[in-house]
Amino acid sequence: MEEKVIYIAGLGLIGGSLALGIKRDHPNYKILGYNRSDQSRNIALERGIVDEATANFEEFAPLADVIILAVPIKQTITFIKTLSKLDLKENVIITDAGSTKGDIVKAAERYLADRPVQFVGSHPMAGSHKSGAIAADVNLFENAYYIFTPTSLTKENTIAELKTILSGLHARFIEIDAAEHDRVTSQVSHFPHILSASLMEQAGDYAAEHEMTNYFAAGGFRDMTRIAESEPGMWTSILLTNKEAVLSRIDDFKGRLDEVAQLIFQNDEDGIWNYFNDARQTRKKMKIHKRGGVESSYDLFVDVPDEEDVILEILELLRGTSLVNIHINEENREDIFGILQISFKSARDLEHAQKVITEKTNYKVLIK
Ligand code: NAD
């Protein structure tokens with residue numbers, strides 16, 4: 001097998017996980033890493049995520065067949081400029097991991113235009129609230145979309161070659177134009193983060209005057225605000241590099257809020273019913289129940305009695321199956337499907353768990 005040198009700049013959650021995924025299918029590849037801080041650099045070396053690491057970005061770039069920039073968006077653009085001045089291997093493939101693609105693709109087309117390099121934008125669409133090399137996970141991108149955004153520097157085989165190199169991620173590769181990527185993610189990712197943060201702030205202010213707000217907030221509220229815990233720095237740069245699309249979603253949403261406010265004001269019972277029903281039907285049709293997006297998982301809800309050892313009994317049945325999370329919904333259960341929520345990484349594990357628990361117990365098992 002051909003041996004390649006892969007250079008990953010930024011050994012955080014994304015860079016570290018990409019390195020582990022590449023190694024899984026290509027143990028013979030040499031993985032070099034750059035990281036600014038000692039901490040993640042040392043962890044990456046200790047965990048065998050990279051073979052060698054540097055604190056000087058320029059040091060390893062000329063040795064690489066593939067360069068992956070897995071640093072914040074602004075820094076990715078700075079590194080693209082740096083790469084344009086270095087003496088790189090002929091035909092080196094350069095890619096990135098940024099959550100928005102427009103500015104990065106523009107920078108690559110501008111600064112790397114006359115260089116003998118290939119460039120394609122990448123957005124591996126999986127993440128977590130954790131960061132740093134410590135959080136790197138070989139399974140992070142399993143079944144997740146890995147989006148390529150081609151540029152004028154993408155050659156006929158660039159994407160095919162990257163797919164082979166990244167095969168160990170077990171991701172779902174897809175190609176889309178950078179501007180369309182940014183528009184679609186503004187709707188399904190960026191705007192929901194704004195909404196979630198706004199809702200959290202609103203509830204926080206309200207709680208100052210209505211103390212019970214803190215106690216009554218339950219499943220629905222938790223679902224709507226989970227992503228308000230995301231890393232502020234990353235979200236600031238996402239919004240500032242996708243301004244136009246995000247502002248358009250905000251404007252559109254204001255109109256929708258006005259519309260529902262008007263229906264309520266006018267006591268329009270049918271109108272309100274239709275408003276909810278349309279949303280319900282649309283949600284049923286959308287493919288959001290399948291894994292593919294950021295931080296998604298497969299959830300199983302088990303309606304268990306409040307008795308000793310029940311949870312242990314279920315976990316015993318799941319011995320050998322890897323769980324992403326386990327949660328006991330013990331507060332207000334009004335809008336929750338079952339008291340024990342177990343999250344799995346793959347549909348296969350979910351189906352297995354559903355089968356075993358249904359066969360071996362009398363508890364009601366639900367998949368949301
Ligand atoms: P992280 O905080 O885990 O790692 C970021 C890395 O960049 C670290 O190694 C850090 O040392 C380095 N870094 C930060 N600022 C730097 C600077 N000014 N100069 C040099 N190095 C610097 O973050 P992450 O989640 O791995 O994010 C990396 C990239 O991946 C970002 O562009 C982000 O938009 C993108 N991304 C993140 C997610 C997610 O959910 N976390 C998902 C998809 C894509």
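Note that the structure is a prediction, hence the values are computed from the model and not measured.

**A word on the environment of S128**
Working step 1: Along the chain, S128 turns up in the loop between β6 (118-124) and β7 (145-150).
Working step 2: Linking S128 and L140, residues 12 residues apart in sequence, is a C-alpha distance of 8.7 Å.

**Points about the confidence of the model for the protein chain**
Working step 1: Taken as a whole, the protein chain shows an average pLDDT of 92; of its residues, 95% reach a score of 70 or greater.
Working step 2: Note on residues 291-295: pLDDT under 50 across the span, and 22 contacts to partners over four residues away in sequence or across chains.
Working step 3: Note on residues 331-337: pLDDT under 50 across the span, and 16 contacts to partners over four residues away in sequence or across chains.

**Considerations on the side chain of K4**
Working step 1: Locating K4 in the fold gives a position in the segment before β1 (5-9).
Working step 2: The residues touching K4, leaving out its near neighbours within four places in the chain, are Y29, K30, D65, E161 and I165.

**Brief notes about the sheet that holds strand β12 (residues 364-367)**
Whether parallel or antiparallel, the strands of a sheet pair through hydrogen bonds between backbone atoms.
Working step 1: Strand order in this open sheet of four strands is β10-β11-β9-β12, and the pairing throughout is antiparallel. Sheet topology places β10 (323-328) and β12 at the edges, where each strand pairs with a single neighbour. Taking the axes of each pair of neighbouring strands and ignoring which way they run, one obtains an average angle of 20° across the sheet.
Working step 2: With five bridges joining them, strand β9 (residues 298-303) and strand β11 (residues 340-344) adopt antiparallel strand pairing. Residue pairing in the sheet places V302 in a bridge with L340 of β11.
Working step 3: The sheet contacts of helix α13 (residues 310-317) involve β9, β10 and β11, and relative to β10 the element is tilted by about 165°.
Working step 4: Contacting β9, β11 and β12, helix α14 (residues 347-360) runs over the sheet at an angle of about 15° to β9.

Rules and cut-offs
- Residues numbered from 1 in each chain as written.
- Predicted model: local features only at pLDDT ≥ 70, side-chain atom pairs only at ≥ 80, totals over all residues.
- Heavy atoms only, no water.
- Helix = DSSP H or I, 4+ residues; strand = E, 2+ residues; numbered from the N terminus.
- pLDDT = per-residue confidence, 0-100.
- Contact = heavy atoms within 4.5 Å.
- Pairing = 2+ DSSP bridges.
- Axes fitted to C-alpha atoms, helices over the stretch in contact; angles between N-to-C directions.

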